[in-house]
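# Residue-level structural notes
Each chain is listed here by its residues.
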Amino acid sequence: MRDKAAFDDLNQIAPPLLRRARTDKMPHQTPESMSDELGAWNNGDGIPLETWTAWEGNYKLAIGYAALLWPRFEAVGKYILVEGAGKENIEGFENQVGSTAKGIETVLNHWHLTDLHHHDDDNLSADKLLFLGNIVKEMWEAKLRSQFPDRPCTVEFFIPDDPENLCEYQISFWQTAWDADEE
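Notes on the structure follow. (Residues numbered from 1 in each chain as written. Predicted model: local features only at pLDDT ≥ 70, side-chain atom pairs only at ≥ 80, totals over all residues. Heavy atoms only, no water.)

The secondary structure content of the chain amounts to nine helices and five strands. Counting from the amino terminus, the chain carries its helices and strands in the arrangement α-α-α-α-α-β-β-α-α-β-α-β-β-α. Per-residue burial for the chain yields a buried fraction of 36% across its 183 residues. Summed over all atoms, the accessible surface of the chain reaches about 11,300 Å², with 53% contributed by carbon and sulfur. (Helix = DSSP H or I, 4+ residues; strand = E, 2+ residues; numbered from the N terminus. Buried < 20%, exposed > 50% of the residue type's maximum accessible area, 1.4 Å probe, protein only. Areas by Shrake-Rupley, 256 points an atom, 1.4 Å probe, with all protein chains shown as cover.)

The next thing to look at is the pattern of salt bridges. All told, the structure shown has two salt bridges when counted by the stated rule. Where Lys137 meets Glu141, a salt bridge forms, and the shortest distance between an N and an O atom there is 2.6 Å. Within this pair, Lys137 and its partner Glu141 are both found in helix H8 (residues 126-147), separated by four residues, close to a single helical turn. Of the residues examined, Lys137 reaches a relative accessible area of 24% and is grouped as partly exposed. (Salt bridge = Lys/Arg side-chain N within 4 Å of Asp/Glu carboxyl O.)

Spatial strand order, S3-S5-S4: three strands in an open sheet with antiparallel pairing. Edge strands, defined here as strands with exactly one partner in the open sheet, are strand S3 (111-112) and strand S4 (153-158). (Pairing = 2+ DSSP bridges.)

Below, the discussion takes up the pairing of strand S2 (residues 79-82). Across the two faces of S2 the burial is the same, with Tyr79 and Leu81 and Ile80 and Val82 all buried. Taken together, strand S1 (residues 73-76) and the strand that follows it, S2, pair antiparallel across an intervening segment of two residues, in which Gly77 is found at a positive phi of about 60°.

Put into structure tokens, the structure is as follows:
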């Protein structure tokens, strides 16, 4: 909360410029594990997630998050892959007994949400991964629909049976056409 005091001081001068009006219709519900931190801002009245990000974040991180959360997708033969997903591995997967196009795309496109940060385990929690996973799922659906309108895809946010098995929260996608091949 390095800028909390500056926020509180400026909030006394120009509150509407520094924060959104707090209503029940905020764009995103704050994960419970962050409510105490955000609630301490604004002289204890709290601030929404979006305002907190504006004060705590930086442009370098924003660029990195944009690249990670809105990745480039590419058509590689009959597959759609996250750019850099290991095109060189396609043939090896195809040659495995029982492999399917859906399985190949799903494996090559999967991303463990815990790979977002390699150093922040103390702040990692199931509610944050649920929040992030649901948002990323929506983002990838929109991007794939826009980039490949003639090749519909299914985006899956996998939530483990044990919600505390944090390393198993994953997102992936495959072309919906492959579902028919498995029936």
